[in-house]
Amino acid sequence: MTSAAVEILGLGLGILGWVGVILACGLPMWQVSAFIDVNIVVAQTIWEGLWMNCVVQSTGQMQCKVYDSILALPPEVQAGRALTVIVALLGLVALMVTVVGAQCTNCIRPGKMKSRIVIAGGAIYVLCGVLVLIPLCWFANIVISDFYDPTVPSSKKREMGAALYIGWAATALLLFGGCLICCCSCSQRDESSFPVKYSAPRRPTSNGEYDKKNYV
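Residues numbered from 1 in each chain as written. Predicted model: local features only at pLDDT ≥ 70, side-chain atom pairs only at ≥ 80, totals over all residues. Heavy atoms only, no water.

Under an unreviewed UniProt entry, the name given to the protein is Claudin, and the organism recorded is Hirundo rustica. Here is the UniProt Sequence similarities (unreviewed entry) comment for the protein, exactly as written: "Belongs to the claudin family." Heading Function (unreviewed entry) of the UniProt record for the protein holds this comment: "Claudins function as major constituents of the tight junction complexes that regulate the permeability of epithelia." (UniProt positions renumbered as here; feature names shortened; annotations may be inferred.)

Rendered as structure tokens:
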């Protein structure tokens, strides 16, 4: 597989990860009701996300409500909002930077500058993966701690929702795609750094024969 194909593969993985982050950010299923003890048979399921919480009835009817106050939200929700929005914007920047410096585009002449731009795009994708991992692990830690805490009532205990798993998958895609882009560009840069030596053309001597030193 050529370096250009690897670069396109990394860009595709980065785009998928970026879309996954946006999807996880909008879904209200970061925390869901835990069916334990007396809550095994319930008439409704509670979903809690970054922007709203939803109540799903056993009949299939769902009601969602956006959070009223931003300042009244828990710190993990506020941090999750900020970081996911930042990652969504950085993902767009990484996409534009990588496309500008990609080998399959002619926006910039081939050279060291083009490779550096692609490496910058891959590094931004890696940064996005690291940033989005913070709220995901923070939420997971809170959910697991409350679940095994005996002082927390059973009705208040939650489980990890689908949005967390989508976010982790998106994180893996962002990290892997960014690393592919950076490694591909670095290897291409190393190959192009070797100097190319050209030998002088052989010229005949006065008697019409080639000098023997041209064959050494």
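Attention shifts here to the overall build of the protein. Each helix and strand counted, the protein has four helices and five strands in total. Beginning at the N terminus, the succession of helices and strands in the protein can be written as α-β-β-β-β-α-α-β-α. Counting all 216 residues of the protein, 35% fall into the buried class. Sequence separation of 24 or more characterises 65% of the internal contacts of the protein that already satisfy a separation of 6 or more. Approximately 13000 Å² of the protein is accessible, and the part contributed by carbon and sulfur atoms is 66%. (Helix = DSSP H or I, 4+ residues; strand = E, 2+ residues; numbered from the N terminus. Buried < 20%, exposed > 50% of the residue type's maximum accessible area, 1.4 Å probe, protein only. Contact = heavy atoms within 4.5 Å. Areas by Shrake-Rupley, 256 points an atom, 1.4 Å probe, with all protein chains shown as cover.)

Read from one edge of the open sheet, five strands run E4-E3-E2-E1-E5, paired in antiparallel fashion. Each having just a single partner strand, strand E4 (62-66) and strand E5 (158-160) make up the two edges of the open sheet. Recorded for the sheet is a direction-independent mean angle of 25 degrees between the axes of neighbouring strands. Contacting strand E1 (31-33) and E5, helix H3 (residues 112-147) crosses the sheet at an angle of about 140 degrees to E5. (Pairing = 2+ DSSP bridges. Axes fitted to C-alpha atoms, helices over the stretch in contact; angles between N-to-C directions.)

With 25 residues, the main nonpolar core has Val21, Trp30, Leu50, Val87, Tyr125 and Phe139 as its most contacted residues. Among the elements that take part in this core, H3 stands out by supplying eight residues, more than any other. With sequence-adjacent residues up to four places away left out, Phe139 is seen in contact with Trp30, Gln31, Leu50, Glu76, Val77 and Leu164. (Core = buried A, V, L, I, M, F, W, Y, C linked by side-chain atoms within 4.5 Å.)

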